[in-house]
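Listed here are the chains, written in short residue letters.
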Amino acid sequence: MSFVFESLVVLHFIGLAALLGGWLVQMSAPTKVVNRAMLDGAFTQLATGLAMVGLAETVLSDDEDVNHMKVGIKLLILLVITVLAWVNRKKESVPVGVWSAIGGLTIVNIIIAVFV
């Protein structure tokens, strides 16, 4: 079962790379958009994150617990990212504030994952 969980972690990292990479590639672009990589990365992170938590809840031993506060905060942030990406996916340009929010919240999620 650990192979399945670790495979989900790899896919979760790939989703993160797509989301953050799609955002970073536009740093110097005058017009900001929600590109396909950002949207697919957000959905990949959402699906794999939920699958990892479900798997961890059922498979983890008694001496390990899922940090529900951390998972809840990360889920809420990712839902905001996903909604922002979905709503703005077809626009020819998005306000810099929306684009910055997607990238900033992605970085906040990384910080929470590492330090909490």
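In what follows, the accompanying structure is described. (Residues numbered from 1 in each chain as written. Predicted model: local features only at pLDDT ≥ 70, side-chain atom pairs only at ≥ 80, totals over all residues. Heavy atoms only, no water.)

Moving on to the packing of aromatic side chains. According to the stated counting rule, one finds two aromatic pairs in the structure shown. Between Trp-23 and Trp-99, the aromatic rings sit 4.7 Å apart at their centres with planes inclined by 25 degrees, giving stacked as the arrangement. Here the residue Trp-23 occupies a position in helix α1 (residues 2-24), and Trp-99 occupies one in helix α4 (residues 96-115), the gap between them amounting to 76 residues. Exposure remark for Trp-99: the relative accessible area of 5% places this residue in the buried category. It is Arg-89 that lies over the ring of Trp-86; its NZ or CZ is 3.6 Å from the centre. (Phe/Tyr/Trp six-rings, centres within 6.5 Å; stacked < 30°, edge-to-face > 60°. Helix = DSSP H or I, 4+ residues; strand = E, 2+ residues; numbered from the N terminus. Buried < 20%, exposed > 50% of the residue type's maximum accessible area, 1.4 Å probe, protein only. Lys NZ or Arg CZ within 6 Å of the ring centre and 35° of its normal.)

Once that is clear, we can look at the side chain of Thr-48. Tracing the sequence through the fold places Thr-48 in helix α2 (residues 36-59). Residue Thr-48 is classed as buried on the basis of its relative accessible area, which comes to 6%. A distance of 2.7 Å separates a polar atom in the side chain of Thr-48 from the backbone oxygen of Thr-44. With sequence-adjacent residues up to four places away left out, Thr-48 is seen in contact with Leu-8, Leu-11 and His-12. (Polar contact = N/O pair within 3.5 Å; in protein donor to acceptor, adjacent residues only side chain to side chain. Contact = heavy atoms within 4.5 Å.)

Purely geometric stuff here, so don't read any function into it on its own.
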